[in-house]
Amino acid sequence: MNSPKAVLPKIDQAPMTLRDIVQDRMRTAIIEGHFAPGERLVERPLCDQLGVSRTVIRETIRYLEAEGLVEILPNRGPIVARMDWGQARQIYQIRRQLEGAAVAACAVAHGPAFPAKLMGSFAALQATMDDAEWIGVMRATTRFYEDIFTEAGHSIAWDIVQRLNGRISRLRVLTLSAKDRPRPGMSHMTAIRDAILSGDAAAAQQAVEDHLDDAAAIAKTFLSSEEKPDA
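Here's a quick rundown of the structure.

## Here's the deal with the pairing of strand 1 (residues 70-73)
- Where strand 1 lies against strand 2 (residues 77-80), four bridges are found, and the strand directions are antiparallel. Bridge assignment links Leu-73 to a residue of strand 2, and that residue is Gly-77.
- What sits between strand 1 and strand 2 in their antiparallel hairpin is a turn of three residues, with Asn-75 showing a positive phi close to 65 degrees.

If you want it as structure tokens, here you go:
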């Protein structure tokens, strides 16, 4: 008698390529401030530090340029992109529209299995808040919002958010590190979670708006103070 064939285990996540690893490390270094805004990204030192070819570094720089984390300046080459308040304001406005719509839809349309899933991603986020490095918080926050957008059926909106994710993460690091926040960031996330799980679309949308208003005010103060008039 032939024994039944073993079922092959599903691959939940494809293995990262060398290019993916380099992109992730460079992105993390920019988000966490290892490379300062305006700092030149010189190929040879990057090749030596990461142990990869110039081709990989050039591909990574082009990819991060598309994410808005790198700028290519004439006669100077690639630098870490600067962010001013005008750019940040637009990002917060976009987030207000997309996140507000997603949490409202999720509140009224989530399925019976979703509360446990959201509680899981919220717990994972909460567990990262005391981490010494910000990247864990960024990834956990992304997962929390991805669960919400996916459950809401807002896949195109999530694609847009993902394209802005590098710049969103830079702003998150800036605002989370502020010591004079009027309200802790986790209290906003708790309010968003609770409103969704209670099925209150209006409260969920208001919680997102309150969260983004607080974050935008901090970002405006910080970024406006850094802006200098042209000489």
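## A look at the packing of aromatic side chains
- Here the structure, examined in full by the defined rule, presents three aromatic pairs.
- Every member of this aromatic cluster is reached through a ring pair, and the members are Phe-122, Phe-144 and Tyr-145.
- The ring of Phe-122 has Arg-193 lying over it, and the distance from NZ or CZ to the ring centre is 4.3 Å.

## Side note on the pattern of salt bridges
- Summed over all chains, the structure comprises eleven salt bridges.
- Put simply, Lys-117 and Asp-147 hold a salt bridge, and the shortest N to O gap is 3.9 Å. Within this pair, whereas Lys-117 is found in helix 5 (residues 114-128), its partner Asp-147 is found in helix 6 (residues 135-152), the two being separated by 30 residues in sequence.
- Across the pair Asp-194 and Arg-193 runs a salt bridge whose closest N-O atoms are separated by 2.8 Å.
- What makes Arg-193 buried here is its relative accessible area of 14%.
- Several salt bridges converge on common partners, so that one network encompasses Asp-24, Arg-27, Glu-67 and Arg-139.

## What about helix 3 (residues 54-66)?
- With 13 residues, helix 3 ought to run about 18 Å at 1.5 Å a step, and its terminal C-alpha atoms sit 18 Å apart, in line with that.
- Every buried residue of helix 3 is listed here: Val-56, Ile-57, Thr-60, Ile-61 and Leu-64. Down the axis of helix 3, the smallest arc covering the buried residues is 135 degrees, so these residues share one side. Opposite its buried face, helix 3 presents the exposed residues Arg-62 and Ala-66, each directed more than 90 degrees away.
- Where the residues of helix 3 are buried, they touch helix 1 (18-31), helix 2 (43-50), strand 1 and strand 2.
- One or two steps after helix 3, the chain reaches Gly-68, where phi turns positive at roughly 85 degrees.

## Concerning the side chain of Thr-60
- In this structure, Thr-60 sits in helix 3.
- For Thr-60, a relative accessible area of 1% corresponds to the buried category.
- Each residue touching Thr-60, except ones within four places of it in the same chain, is listed here: Arg-19, Val-22, Gln-23 and Met-26.

## Some words on helix 6
- Taking 1.5 Å of rise per residue, the 18 residues of helix 6 would be expected to cover 26 Å, and the 26 Å separating its terminal C-alpha atoms lies within 8% of that figure.
- Restricting attention to buried positions, one finds in helix 6 the residues Ile-135, Val-137, Met-138, Ala-140, Thr-141, Thr-142, Phe-144, Tyr-145, Asp-147, Ile-148, Phe-149 and Ala-152.
- One or two residues past the end of helix 6 sits Gly-153, with phi positive at roughly 80 degrees.

What counts as what
- Residues numbered from 1 in each chain as written.
- Predicted model: local features only at pLDDT ≥ 70, side-chain atom pairs only at ≥ 80, totals over all residues.
- Heavy atoms only, no water.
- Pairing = 2+ DSSP bridges.
- Helix = DSSP H or I, 4+ residues; strand = E, 2+ residues; numbered from the N terminus.
- Phe/Tyr/Trp six-rings, centres within 6.5 Å; stacked < 30°, edge-to-face > 60°.
- Lys NZ or Arg CZ within 6 Å of the ring centre and 35° of its normal.
- Salt bridge = Lys/Arg side-chain N within 4 Å of Asp/Glu carboxyl O.
- Buried < 20%, exposed > 50% of the residue type's maximum accessible area, 1.4 Å probe, protein only.
- Expected span 1.5 Å × (residues − 1).
- Arc of directions from axis to C-beta.
- Contact = heavy atoms within 4.5 Å.

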